[in-house]
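Commentary on secondary and tertiary structure
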Amino acid sequence: MLRRNSYIGLVIVILLVLFPVLPWLIMKPLELRFGSGAAVATSIGQLSALLGLAMFSISLVLIARLPFLEKYFGGLDRIWQAHRHLGMFGFLLMLVHPLALAVRLVPVSVAEAALFFVPSFADMARTFGIVALLLMMGIIGATLFAHWRYQILLKTHRFLGLAFMLGVLHAFLIPSDISGNTVLAAYCGMLSFAGITAYLYRTVFARVVPKHSYTIKAVKKLHSTLTEVTLRPTEKPLTFKPGQFVFVSFADPALSKETHPFSISSAPHEQDLRLTIKALGDWTAAVGDLGVGSKALIEGPFGGFTSEQGVTNKEVWIAGGIGITPFLSRARALVEGKDGQKMIDLYYITNTRDELVFERELSELAMNFKNFRLFPHVSKEQGYLSTNTIRQQSGQLTDRDVYVCGPAGMMKSIITQCKEAGVASSQIHAEEFAML
Amino acid sequence: MKTSYIIGIAVFWSVLLVVGTAGLISYENEKMITALKMANADGKQVGKVDQMVQSAIEQGQTLWTTELIARHTTNTDCWIVVDGVIYDVTEYIPLHPGGSETILNTCGTDATEAFKTKGASGDDHSALAYELLARYKVAVLGDPLPVAVTATTAGEVAPTATVASSAAQTTFVSSAPSTPKVDTPSLIVSALTAAVVAAHNTVNDCWLIIKDKVYDVTEYVPFHPGGTGAIRTWCGKEATQAFSTMGGKGKNHSTNAWKLLDKYFVGSLGGSVSSAVVSTNTSSPSTTVSPTTDLATSPEEAILKEYPGATIIGVEQEDDGRATVKFYYDGEKYEAKLDAANNIVEIDD
């Protein structure tokens, strides 16, 4: 599961988050920090806010899709993961923050502790904090539980940036250790500035994000729910590695101008870029109505689900349904001589036989390349694919790299089974494509 | 992810619910305690005597001055001055939202400027903060030093000194003590001018002029339904307009409110008022002016002699002259039994 160099980003994030604890610890005698129950509660309240602020700031920078960050995390999906975990952890700390500060007031006055949560116009700094926290609760709750359309969820989720700005306002207006210490003020100012800048870059100033310009050359329905869109570059084409994905938006009357991520299914040597899109929602269902000649804007490429992650020269690819797309790109790139010396077994899993849309193309490739073998698997007929079945056909898995892409449940099951079968973490590669 | 969220939210709102409910229940109760503490804080003028103050008294000093607070500069003993009032904020240091060292930096000094600007941010503290501060009141700068102690050192001069210094206060002389032994009627009766009222301009010492009458509403400030802040602006000022329009909202206060106001009547503007009256009215009831004779003439007096600054909440007098007195002293509740000659024979807490 570990991707090359992926720990560098995590280590940097942890250091950045923990750094402010240092000036916080040395700016005052420890007795004042932990000398009494009230002091400890105050310290917990302050630390949780300090760490939470750092986590939110970094989390915003991570989600800005900055290409240069990818190599330190092992792919955009990993960055997203870090974004989610930092965000959630930061949020939990933000919940602790007012609780600790209110609880310390209880010995003096319970009413005072209760009033601590009541917003007032006389104390705007505190009120900003309260509003920010309530916004976070609502938006994060909606993100996790609401069954809204993906794009609506995304738009809602983006309002967390506003909650963050309110929180920053709160942090700098309220008299605290941040306002009282230059090092802390400078550090937190820097982090939150980075966070806000990253946020504005992705929202208000989204136009300045560099994108590649393409036009639609063909739209082909491959199956009732599967459409292939072929795109021709109008200027310099994008350079990518097989297995990577892009964000695309179309200027076409058939579709709203939303941006969606898709794996590239064509190989790098092809002149055109092909995206294979499954109808999973309203927008993806309408992709079949796209008109030839319409403009497309592409941002990317992203992702670390590439052959470079491999540590052995024997690979098992496991594709569930639409999860075939990154493998399509890699298989099609075999013609270029890529992965030529690798032994590759592709398990192509679908629910029904008619969904095995690429079976013919892939088996032709398998005939031309001896090292590449195809094992189609229809779940409705053969049951779920287990590592036992894989071992029967491919032999031991422990000396192989396992690449898996597909529905979340399937990936989880395969990964667990692989680990149980003794495959090292460094040999298991999964495309964590679940966003939000 | 979902589980963390649910647990986090559940814990947060449960704690909030518990604290909120408890706060609501204890709110009325705490108001009373605040009032009692404030009453007691005035009592501390007599009660809170440290060595520094003691020696100052022995040297013949009769008024609270800034020098007396200058030694309370540590995190275990921190006094500050805000708006001419001395506070012992030691207890509050670790609780200060703005950090404990911001308070520590001002210990032993006049922190008015710092308090009103929150250090550097330029914002005044909230009304809530002022209420909290009031709980830690020790004395008013320029007020007379403890009488009981003065009595032991300066003998029969004490009562006069007290009255004289109170007079000094009403005529807005709050710096170094003047000649305390002056015993002329002119000082005992002082004119109630706008300038005199203007000296009582904080929430912890708040006089208002309404329709040419002077009221000392200090005691009422924390209970004001319109908030402390609404009154604070008018302390020491002509407030007729503000009172009859509820601070510009155009609504007059209720008849009941006007009646309540009467309770705090000090005197008519331009008239003269006995300094003794002023002194009793300046929110330090019953203590400062009590003559220190050897024999207590009432149970209350006996208690106050023994427990200076106590707030008496009830006296039950028996037919044979014995009495039971309930009172608060230093935040604790006590019950004392006295014999017919007003000697304390038993004390329970």
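Attention here is on the structure that accompanies the text.

Reading guide: rules and limits
- Residues numbered from 1 in each chain as written.
- Chains lettered and ligands numbered in written order.
- Predicted model: local features only at pLDDT ≥ 70, side-chain atom pairs only at ≥ 80, totals over all residues.
- Heavy atoms only, no water.
- Helix = DSSP H or I, 4+ residues; strand = E, 2+ residues; numbered from the N terminus.
- Buried < 20%, exposed > 50% of the residue type's maximum accessible area, 1.4 Å probe, protein only.
- Areas by Shrake-Rupley, 256 points an atom, 1.4 Å probe, with all protein chains shown as cover.
- Contact = heavy atoms within 4.5 Å.
- Buried area = accessible area lost by both parts, 1.4 Å probe.
- Salt bridge = Lys/Arg side-chain N within 4 Å of Asp/Glu carboxyl O.
- Polar contact = N/O pair within 3.5 Å; in protein donor to acceptor, adjacent residues only side chain to side chain.
- Patch = residues over 30% accessible without salt bridge, like charges linked within 9 Å, V, L, I, M, F, W, Y side chains within 5 Å.
- Disulfide = S-S within 2.5 Å.
- Pairing = 2+ DSSP bridges.
- Axes fitted to C-alpha atoms, helices over the stretch in contact; angles between N-to-C directions.
- Phe/Tyr/Trp six-rings, centres within 6.5 Å; stacked < 30°, edge-to-face > 60°.
- Core = buried A, V, L, I, M, F, W, Y, C linked by side-chain atoms within 4.5 Å.

1. Comments concerning the overall build of chain A
Looking only at helices and strands, one finds 18 helices and eleven strands in chain A. Of all 436 residues assigned to chain A, the portion counted as buried reaches 54%. In the form shown here, chain A has an accessible surface area of approximately 19000 Å², with 64% of it arising from carbon and sulfur atoms.

2. Let's talk about the interface of chain A and chain B
Listed by partner, the interface residues are 36 residues for chain A and 33 residues for chain B. With both chains or domains summed, chain A and chain B bury close to 3100 Å², and 73% of this area falls on carbon and sulfur atoms. Connecting chain A to chain B are zero salt bridges. Inspection of the chain A/chain B interface yields three residue pairs in polar contact (both at pLDDT 80 or more).

3. Let's talk about a nonpolar patch on the surface
Residues and elements named next belong to chain A. Residues L25, I26, L30, F34, V40, I44 and V96 make up a contiguous nonpolar surface patch of roughly 590 Å² in combined accessible area. Sorting the residues of the nonpolar patch by element identifies α2 (21-26), α3 (30-34) and α4 (37-62) as the ones contributing at least two each. By the element assignment, V96 lies in helix α6 (residues 76-103).

4. Brief notes about the state of the cysteines
Think of a disulfide as a covalent bridge from one cysteine sulfur atom to another cysteine sulfur atom. All names here are of chain B. If you walk through the whole model with that rule in mind, you get two disulfides over all chains. Between the sulfur of C78 and that of C107 lies a disulfide, 2.0 Å long from S to S. Note on the C78 and C107 pair: the S-S dihedral is about -100°, so by sign convention the disulfide is left-handed. Separated by 29 residues along the polypeptide, C78 in strand β2 (residues 77-82) and C107 in the loop between α3 (100-104) and α4 (112-117) bring together distant segments of the chain. For C78, a relative accessible area of 0% corresponds to the buried category. Taking relative accessible area as the criterion, C107 reaches 5% and is therefore assigned buried. Between the sulfur atoms of C206 and its disulfide partner C235 the distance amounts to 2.2 Å. Torsion about the S-S bond of the C206 and C235 cystine: about -95°, corresponding to left-handed handedness.

5. Some points on the sheet that holds strand β13 (residues 323-329) of chain B
Strands belonging to one sheet form pairs held by backbone hydrogen bonds; the direction of such a pair is parallel or antiparallel. Residue and element names in this part refer to chain B. One open sheet holds the four strands; their spatial order is β12-β13-β14-β15, and the pairing between them is antiparallel. The open sheet terminates on both sides in strands that have one partner only, identified here as β12 (311-317) and β15 (344-348). The average undirected angle you get between the axes of adjacent strands in this sheet is 20°. Here strand β14 (residues 332-338) runs beside β15; their pairing, made up of four bridges, is antiparallel. Of the residues in β15, the one forming a bridge with K337 is E346. Sheet strands in contact with helix α14 (residues 299-306) are β12, β13, β14 and β15, and its direction is about 140° off that of β12.

6. Overview of the packing of aromatic side chains
A complete count under the given rule lists 24 aromatic pairs over all chains for this structure. Note on F116 of chain A and F117 of chain A: the rings are 5.9 Å apart at their centroids and 85° apart in plane angle, and the pair reads as edge-to-face. Like F117 of chain A, F116 of chain A is buried. When the ring of F145 of chain A is compared with that of Y5 of chain B, the centres are 5.7 Å apart and the planes differ by 50°; the resulting orientation is tilted. In this pair, F145 of chain A is assigned in helix α8 (residues 124-145) and Y5 of chain B in helix α1 (residues 2-47), connecting two distinct chains. Relative accessible area serves as the criterion here: at 32%, F145 of chain A is assigned to the partly exposed category. With relative accessibility at 10%, the residue Y5 of chain B sits in the buried group.

7. Section: the nonpolar core
One finds L53, F91, M136, M137 and I140 of chain A together with Y5 and F12 of chain B to be the most contacted residues of the largest nonpolar core, which totals 37 residues. For this core, the secondary structure elements donating two or more residues are α4, α6, α7 (110-115), α8, α10 (160-173) and α12 (182-202) of chain A together with α1 of chain B. At seven residues, α6 of chain A tops the list of elements feeding residues into this core. Among residues more than four places away in sequence, those in contact with I140 of chain A are M88, F91 and L160 of chain A together with Y5 of chain B. Core analysis: the second largest hydrophobic core is formed by 34 residues, A111, I210, V217 and A257 of chain B among them.

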